[in-house]
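# Fold and geometry: a report
Listed here are the chains, written in short residue letters.
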Amino acid sequence: EGSDDILNAIVTQTTYAGRVIQRVIQLLQQGFLAAVYFVVAFVLAWQFATMAVVMGGIVLFLFKYLNRYVRTLSKRASSEQSQLNKLLMQALHSFKYIASTDQVQYLTDGVSDSIRRLTGYRLRQKIAWVFTKAIREPLSVFFIILVVIIQVTVLNAPLAPIFVALVLFHRGMQ
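If you're wondering where the values come from, they're calculated on a predicted model, not measured in any experiment. (Residues numbered from 1 in each chain as written. Predicted model: local features only at pLDDT ≥ 70, side-chain atom pairs only at ≥ 80, totals over all residues. Heavy atoms only, no water.)

### Description of the overall build of the protein chain
Each helix and strand counted, the protein chain has five helices and zero strands in total. Here the protein chain has a C-alpha radius of gyration of 27 Å; the compact-globule value for 174 residues is 16 Å, and the former is much larger. With respect to the three principal axes, the spread of C-alpha positions in the protein chain is 85 × 55 × 15 Å. Considering only contacts within the protein chain whose residues lie at least 6 apart along the sequence, 77% involve residues at least 24 apart. (Helix = DSSP H or I, 4+ residues; strand = E, 2+ residues; numbered from the N terminus. Rg over C-alpha atoms; globule rule 2.2 N^0.38 Å. Contact = heavy atoms within 4.5 Å.)

### Digging into the side chain of Gln125
Inspection of the secondary structure assignment puts Gln125 in helix H4 (residues 104–154). The class of Gln125 is buried, set by a relative accessible area of 12%. Residues in contact with Gln125, not counting those within four places in the same chain, are Val70, Leu73, Ser74 and Ala77. (Buried < 20%, exposed > 50% of the residue type's maximum accessible area, 1.4 Å probe, protein only.)

### A few points about the pattern of salt bridges
Applying the stated criterion to the full structure yields two salt bridges. Note that Glu80 and Arg117 form a salt bridge whose closest N and O atoms lie 3.0 Å from each other. In this pair, Glu80 is assigned in helix H2 (residues 46–93) and Arg117 in helix H4, connecting sequence segments 37 residues apart. With a shortest N-O distance of 2.8 Å, Arg116 and Asp113 are connected by a salt bridge. Of this pair, Arg116 and Asp113 both sit in helix H4, three residues apart, which is roughly one turn of that helix. (Salt bridge = Lys/Arg side-chain N within 4 Å of Asp/Glu carboxyl O.)

### A short note on H2
End to end, H2 covers 68 Å across 48 residues, agreeing with the expected 70 Å (1.5 Å per residue, within 8%). Every buried residue of H2 is accounted for by Phe48, Ala49, Met55, Val59, Phe63, Val70, Leu73, Ala77, Glu80, Leu84, Leu87 and Ala91. (Expected span 1.5 Å × (residues − 1).)

### Remarks on the packing of H2 against H4
One can describe the packing of H2 onto H4 by two numbers: an axis separation of 9 Å at closest approach and a directional angle of 175°. Our classification of the angle between H2 and H4 gives roughly antiparallel. Residue classes in the contact of H2 with H4 are distributed as 32 nonpolar, twelve polar and six charged. (Axes fitted to C-alpha atoms, helices over the stretch in contact; angles between N-to-C directions. Parallel < 35°, antiparallel > 145°, perpendicular 65-115°, else oblique. Nonpolar A, V, L, I, M, F, W, Y, C, P; charged D, E, K, R; others polar.)

### What about the layout of surface pockets?
Approximately 710 Å³ is the volume attributed to the largest pocket. Contributing to the lining of the largest pocket are 21 residues, with Ala52, Gly56, Ser140, Ile144 and Met173 lying nearest its centre. Taken together, the elements giving at least two residues each to the lining of the largest pocket come down to H2, H4 and helix H5 (159–173). Per-element accounting of the lining of the largest pocket gives the leading share, nine residues, to H2. Tallied by class, the residues present in the lining of the largest pocket amount to 15 nonpolar, five polar and one charged. (1 Å grid on protein atoms, 1.4 Å probe; cavity = no way out; pocket = protein on both sides within 12 Å on 5 of 7 lines; lining within 4 Å. Points joined across faces, edges and corners; volume = space filled by probe spheres on them.)

### Focus: the environment of Gln90
Looking at the secondary structure, you find Gln90 in helix H2. The partly exposed category is assigned to Gln90, whose relative accessible area is 43%. In this structure the C-alpha to C-alpha distance between Gln90 and Leu107, which are 17 residues apart in sequence, comes to 9.0 Å. Once residues lying within four places of it in the same chain are set aside, the contact partners of Gln90 are Ile98 and Leu107.

### What to know about the side chain of Glu80
Note on Glu80: relative accessible area 9%, which makes it buried. Leaving out residues up to four positions away in the same chain, Glu80 has contacts with Ser114, Arg117, Leu118 and Tyr121.

Here it is, written out as structure tokens:
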């Protein structure tokens with residue numbers, strides 16, 4: 001029985017390792033293809049591509065703060081979940097003592113307050129996450145349109161290379 005378990009583990013781990021290697025190869029292939037698309041986009045319309053990268057950096061910078069806020073709320077929620085678990089375990093292990101010394105109300109209040117705080121953290125975390133997800137694409141489209149307008153009106157760049165570069169950037173990001 002022991003050798004069967006070892007053999008099964010070896011076969012399973014070998015299969016998992018093969019899948020990991022396959023995924024790494026696919027990632028490298030997609031990364032190389034994206035790099036080629038980006039280089040071609042830069043060759044076709046280097047001013048547009050540079051402005052698009054700068055605007056993309058600005059978008060990433062804005063989302064960095066939203067993600068930090070969500071992460072902070074997640075840490076607080078995790079800490080509060082830990083506190084709630086402690087209270088519940090205390091109630092479970094010491095129920096007879098708590099009931100006999102009439103401390104049920106104290107524990108109930110603690111659990112209720114903890115649940116209220118935890119619910120608030122989770123709610124704010126979900127709202128921030130939904131807001132971040134909902135605003136991402138419209139904000140990106142706004143910045144792309146802004147770059148195209150600047151390129152066409154201020155720099156008098158032709159539209160054809162800009163559109164080709166846009167398609168290449170889109171393909172590179174997929």
